[in-house]
Amino acid sequence: MDARTRGLRAFLDKGGLIAYPTRAVYGLGCAPENHRALRALLRLKSRPVDKGLIVVAASRDLLRRFHAPLSAVEEARLQARWPGAHTWLVPARLPLTTWLRGRRRGFGGDFRPRIALRQDDYGPLVRLCRRLDRALVSTSANRSGGKPLKTARACRLAFGPRVRVIEGRCQANVRPSTVADLMTGRITRV
């Protein structure tokens, strides 16, 4: 691991926030296990805790610790759409802080708390997660209700020194990932 990567990892471990390119928009993220970082991110966005956040990673292994055990059928359903631009709401491994999972619950009789997870395949995001060897929180880089930011420059202007901005490009005319409940297939965001 080079010095720059070690520095970025240490920054995240201490509760730092980063803005980085995702497929559709710049993402605002942090280490998913860092409560101070989660609190700072929610405050910066003015995002209600109830909504929860998405956790992204480059590999399936980095996401397993966030969800409850899955059956072979559930695992196959999950893998059918990963890696890719598909976010699954999966039964959360408890205890996971509400700051991360929100107050999401399942549908159709399975009301266990859910966590939003995505094994992404977008090159810049995959490289960042692999370089750091970790999962990241991923929410659009904007204040809640505002227009998502699509460039590093826009992120620097909006957030200033509070957020470390990773250079990169988003794709043009691409929608954010689809979000669906793994247990029921119910789509909550197209």
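Look above for the structure.
Residues numbered from 1 in each chain as written. Predicted model: local features only at pLDDT ≥ 70, side-chain atom pairs only at ≥ 80, totals over all residues. Heavy atoms only, no water.

Draft legend 1. The arrangement of the packing of helix α1 (residues 3-13) against helix α5 (residues 123-132) in detail. The contact between α1 and α5 brings their axes to 9 Å, and the two run at 85°. The angle between α1 and α5 falls in the class roughly perpendicular. Together, Arg-4, Thr-5, Leu-8, Arg-9 and Leu-12 of α1 and Leu-128, Arg-131 and Leu-132 of α5 make up the contact between the two elements. Residue composition of the contact of α1 with α5, grouped by class: four nonpolar, one polar and three charged. (Axes fitted to C-alpha atoms, helices over the stretch in contact; angles between N-to-C directions. Helix = DSSP H or I, 4+ residues; strand = E, 2+ residues; numbered from the N terminus. Parallel < 35°, antiparallel > 145°, perpendicular 65-115°, else oblique. Contact = heavy atoms within 4.5 Å. Nonpolar A, V, L, I, M, F, W, Y, C, P; charged D, E, K, R; others polar.)

Draft legend 2. Molecular detail of the packing of aromatic side chains. Applying the stated criterion to the full structure yields zero aromatic pairs. We note Arg-164 situated over the ring of Phe-11; from NZ or CZ to the ring centre the distance is 4.0 Å. (Phe/Tyr/Trp six-rings, centres within 6.5 Å; stacked < 30°, edge-to-face > 60°. Lys NZ or Arg CZ within 6 Å of the ring centre and 35° of its normal.)

Draft legend 3. Quick peek at the sheet that holds strand β7 (residues 163-165). Pairing is mixed across the open sheet formed by nine strands, whose spatial order is β7-β1-β2-β6-β3-β5-β4-β8-β9. Two strands lie at the open edges of the sheet, namely β7 and β9 (187-189), each paired on one side alone. Averaged over all adjacent pairs, the angle separating strand axes in this sheet is 35°, with direction ignored. Pairing of strand β1 (residues 17-21) with β7, which is carried by three bridges, proceeds in the parallel orientation. Looking at β7, one finds that Ala-19 is bridged to Val-165. The sheet contacts of α5 involve β1, β3 (54-57), β5 (114-119) and β6 (136-140), and relative to β1 the element is tilted by about 140°. (Pairing = 2+ DSSP bridges.)

Draft legend 4. Layout of unusual backbone geometry. A cis amide bond links Trp-82 to the next residue, Pro-83, at an omega of -10°. Relative to the assigned elements, Pro-83 resides in the loop between α3 (72-81) and β4 (86-91). In the segment running from Leu-94 into Pro-95, the intervening peptide bond is cis, with an omega of 0°. Among the structural elements, Pro-95 can be located in the loop between β4 and α4 (98-101). Of note, the phi angle at Ser-46 is positive, near 55°, even though the residue is not glycine. Relative to the helices and strands, Ser-46 resides in the loop between α2 (35-45) and β3. Its identity as a non-glycine residue notwithstanding, Asn-173 has a phi of 55°, on the positive side. Structurally, the position occupied by Asn-173 is in the loop between β7 and β8 (178-181).

Draft legend 5. Local environment of the pattern of salt bridges. Taken as a whole and assessed by the stated rule, the structure comprises twelve salt bridges. Taking the shortest distance from any N to any O, the salt bridge between Asp-50 and Arg-103 comes out at 3.1 Å. Placement of the pair is Asp-50 in the loop between α2 and β3 and Arg-103 in the loop between α4 and β5, with a sequence separation of 53 residues. Arg-103 gets classed as exposed once you look at its relative accessible area, which sits at 53%. The residue Arg-156 makes a salt bridge to Glu-167 at a minimum N-O spacing of 2.7 Å. With a gap of eleven residues between them, Arg-156 in helix α6 (residues 152-159) and Glu-167 in the loop between β7 and β8 connect regions that are remote in the sequence. Using a relative accessible area of 39% as the deciding quantity, one classes Arg-156 as partly exposed. For Glu-167, a relative accessible area of 55% puts it in the exposed group. Several salt bridges share partner residues, and in doing so they unite Asp-13, Glu-33, Arg-65 and Arg-134 into one network. (Salt bridge = Lys/Arg side-chain N within 4 Å of Asp/Glu carboxyl O. Buried < 20%, exposed > 50% of the residue type's maximum accessible area, 1.4 Å probe, protein only.)

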